[in-house]
Structure formats: structure tokens, C-alpha cells
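Chain and residue survey
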Amino acid sequence: MNRYQFLKSMGFRGAALMAVMSSCIREEDTYINALVEKPTDTATTPVATNPVTTTPSTTTDLSTIKNPLLTLDLSATANASLKTVGGYVAKSGIVVALTSAGNYAAVTQTCSHEPKKKIIFNKTEFYCTDHGARFDLTGKGLNSFGSKGLTVYKVAVSGTTLVVYS
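Since the structure is predicted, the reported quantities are computational estimates derived from the model, not experimental observations. (Residues numbered from 1 in each chain as written. Predicted model: local features only at pLDDT ≥ 70, side-chain atom pairs only at ≥ 80, totals over all residues. Heavy atoms only, no water.)

Attention now moves to the overall build of the protein. For the protein, the count of helices and strands is two helices and ten strands. Counting across all 166 residues of the protein, residues that qualify as buried make up 42%. Summarising the internal contacts of the protein: among those between residues at least 6 apart in sequence, 45% fall at separations of at least 24. On the protein, roughly 8800 Å² of surface is accessible, and the fraction owed to carbon and sulfur atoms is 52%. (Helix = DSSP H or I, 4+ residues; strand = E, 2+ residues; numbered from the N terminus. Buried < 20%, exposed > 50% of the residue type's maximum accessible area, 1.4 Å probe, protein only. Contact = heavy atoms within 4.5 Å. Areas by Shrake-Rupley, 256 points an atom, 1.4 Å probe, with all protein chains shown as cover.)

Encoded structure:
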């Protein structure tokens, strides 16, 4: 039995489980590889253990988007976490994350393993806080819980407006 399974058997769930799991700093104690920070010379953000190349968010005339799902004002206080790489917001069933400078990713907040709105962004990947499903930036599952993948949406940015669309 690994540490994750043990904590689940003890009744830890959701945010409490994530807090306990993220308190580890030794690689052999972690269940989520993204929580292990690798030292870098100049960067202050963790290095991804499995880097994923993403298509940059497009800058476009937002009025031409036909299927907008979510519109965010990047200057609003409620969306301040999207100013920091690794930050994310969850609104209207969609998780939007700043994955690298100027690049955003958006996925459904509902986990494909069990239909619960528990997906968050965790430094380099999307993660379900309920049962540990992990997904890369393209929605591909990184463990058996995430094998069904996540729905990924397109993102466009113009000035301080971000639009998620299908």
C-alpha cells in the first residue's frame, strides 16, 4: 500500500488529501510527481517532470468566436491567480490555468474517472483532488485513474480578456 492509498483508507478526501499529499518534499514519499520540485539555477518555478509542448493561446478578434463557453477579465481581482505561471481559476465547470508566460490551458472541471467537479491545476498538470487522476496539458491521462482523459478547450486572449471556447 502506498502513501496515497493509506491516506485514502484513513478517510482523507478532497482538499485535506491534497494538503497532506503536497506537504511531502521527498520524491519517494510523493504520489504526484508534479509536487516534487527539481532545483534550477535561475528559475523560481518547478521544472515539469514530463514537459508537454502546448499550442500558445491565440490572440484574435474575440467577436469572431462562435462558441464562447467562458469569458474572463484578466485584470479582475477574482482572476489574479492567472497572472502567475501555475495559477488557475475554476469557473462555470471549466479550469483555466496559466501554464507558461502568455500560454493558457482550459479543461473541464469534471473528472473523467468519476463525474465530480474536482479538477485543479497543480504546477505542471491537471489533477483530481478526489481520487488522484492526473492529466497533462493536452488532457491525456497520466495514470490509471486518468486513463479516459479530459476535455480540453481552446483559449483566445485579446488585451485583458480571455475567452474559452469549443
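Among the structural elements, T84 can be located in the loop between β2 (68–73) and β3 (88–91). Spatially, the C-alpha atom of T84 lies 6.8 Å from that of L98, the residues being 14 residues apart in sequence.

Following the sequence through the fold, K83 ends up in the loop between β2 and β3. Considering only alpha carbons, one finds K83 and A97, 14 residues apart in sequence, at a separation of 9.6 Å. Those residues in contact with K83 that sit more than four places away from it in its chain are L74, S75 and L98.

If you look at the biggest cluster of nonpolar residues, it comprises 14 residues, and the most contacted ones within it are L72, L82, V96, Y104, V155, L162 and V164. Listed by contribution, the elements that provide at least two residues to this core are β2, β4 (94–100), β5 (103–108), β9 (152–158) and β10 (161–165). For this core, the leading source of residues is β4, giving three residues. When near neighbours in sequence (up to four residues on either side) are disregarded, L162 contacts L70, T71, L72, L74, V96, Y104, V155, A156 and V157. Membership of the second largest hydrophobic core comes to 13 residues, among which are C111, F126, L137 and L150. (Core = buried A, V, L, I, M, F, W, Y, C linked by side-chain atoms within 4.5 Å.)

Let us now look at the confidence of the model for the protein. Of the residues in the protein, 71% have a pLDDT of 70 or more, and the chain-wide mean is 78. Across the protein, the secondary-structure element scoring lowest on mean pLDDT is strand β1 (residues 58–59), at 52, and the one scoring highest is β3, at 96. In this model, residues 25–56 is a region of pLDDT below 50 whose contacts with residues beyond four sequence positions or in other chains number 41 contacts. (pLDDT = per-residue confidence, 0-100.)

Per the counting criterion, the structure on display carries one aromatic pair. An angle of 65° between the planes, with centres 5.0 Å apart, marks the rings of F121 and F126 as edge-to-face. Both residues of the pair, F121 and F126, count as buried. (Phe/Tyr/Trp six-rings, centres within 6.5 Å; stacked < 30°, edge-to-face > 60°.)

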